[in-house]
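Structural description and commentary
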Amino acid sequence: MNLPSAGRRVLVSGASRGLGRAVSQAFAANGDRVAVHYGTREEDARATLDSLAGTGHTLVGGDLSDPAGAAAVADAAAGALGGIDVLVNNAAVNVRHPLAETSYEDWAALWQQHVSVNLLATANLSHLAARRMIDAGTGGRIVNIGSRGAFRGEPDHPAYGATKAAVHALGQSLAVSLAPYGIGVASVAPGFFETERVAGRLSGAEGEAIRAQSPFGRVASAGEIADAVLWLASPMAEWSSGAVLDLNGASHLRT
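What counts, and where the lines are drawn
- Residues numbered from 1 in each chain as written.
- Predicted model: local features only at pLDDT ≥ 70, side-chain atom pairs only at ≥ 80, totals over all residues.
- Heavy atoms only, no water.
- Salt bridge = Lys/Arg side-chain N within 4 Å of Asp/Glu carboxyl O.
- Helix = DSSP H or I, 4+ residues; strand = E, 2+ residues; numbered from the N terminus.
- Buried < 20%, exposed > 50% of the residue type's maximum accessible area, 1.4 Å probe, protein only.
- Axes fitted to C-alpha atoms, helices over the stretch in contact; angles between N-to-C directions.
- Left-handed = near helix turned anticlockwise from the far one by under 90°.
- Contact = heavy atoms within 4.5 Å.
- Nonpolar A, V, L, I, M, F, W, Y, C, P; charged D, E, K, R; others polar.
- Parallel < 35°, antiparallel > 145°, perpendicular 65-115°, else oblique.

So, about the pattern of salt bridges. One pass over the structure, following the stated rule, counts 11 salt bridges. Glu196 serves as the salt-bridge partner of Arg21, at 3.8 Å between the closest nitrogen and oxygen. On the criterion of sequence distance, the pair formed by Arg21 in helix α1 (residues 18-29) and Glu196 in the loop between β7 (193-194) and α7 (204-211) is long-range, its members being 175 residues apart. Its relative accessible area of 44% is what places Glu196 among the partly exposed residues.

Here it is, written out as structure tokens:
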């Protein structure tokens, strides 16, 4: 398959801010054209769009928790870009819900929300993008944003940890099934990294404890995670298909 190293058509889900914005910027700086997806934060997504280098980028809104909404997002992105060569499944929810403090009604609703967005939206967008790659016959890449929490546990966010573990497993299954079509599928499993959403947690004693999780004594930047995503989407990374790449500064080691 002849996947180019630049000039690709890239759909990034959940790209209104944070890691999604950094990933979009990394692909744009590489010379790719990016479809910036957002769910509800249109103003933030437009700021992401305006920050991208190059031309030919587009903004795509839609509710990925609804299968019809996911299909509309994929249609809009492919229509604006002329196809999809790379999909980055970044959209996710992460709402605190420790079992001992959460009512059953809230527990059930939050699990449904996490499964719908973190897992089913990832599965649905992967199908929609991969089907286009197969039909085009040009190969492609899918990169999933997982989490360190899939391995070490998330006591206050159990649905998040569980759905991210499922995303890793989904990526490995798709890596095997899509390889004959020249489509590589990999996941990243970041530890704590700095974004607007968590900036407040990095001050004071909590911030010190978070930074102490890594022997480097710091947290990652969103740009460091984005650089890894960009590499996994590159032609050079084909043999990494099926990988789950730990990006946690040695804060959690797997065997």
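More follows now that the structure is in view.
Remark: helix α3 (residues 67-81) packs on helix α4 (residues 104-136), axes separated minimally by 9 Å, with the N-to-C direction vectors making an angle of 35°. With respect to the hand of their crossing, α3 and α4 are arranged in right-handed fashion. Contacts between α3 and α4 pair Pro67, Ala70, Ala71, Ala74, Asp75 and Ala78 from the former with Asn124, Leu125, Leu128 and Arg132 from the latter. Residue composition of the contact of α3 with α4, by class: seven nonpolar, one polar and two charged.

A separate point is the environment of Ala123. Structurally, the position occupied by Ala123 is in helix α4. Sequence spacing of Ala123 and Pro67 is 56 residues, and the spatial spacing of their C-alpha atoms is 9.9 Å.

All right, on to the packing of α1 against helix α8 (residues 222-232) then. Two elements in contact, α1 and α8, have axes separated by 8 Å at closest approach and are oriented at 50°. In this view, α1 runs oblique relative to α8, as classed from their interaxial angle. Taken as a pair, α1 and α8 cross one another with a handedness that is right-handed. Of α8, the residues touching α1 (which contributes Gly18, Leu19, Ala22, Val23, Ala26 and Phe27) are Ala222, Gly223, Ile225, Ala226, Val229 and Leu230. Looking at the contact of α1 with α8 residue by residue, the class counts come to 10 nonpolar, two polar and no charged.

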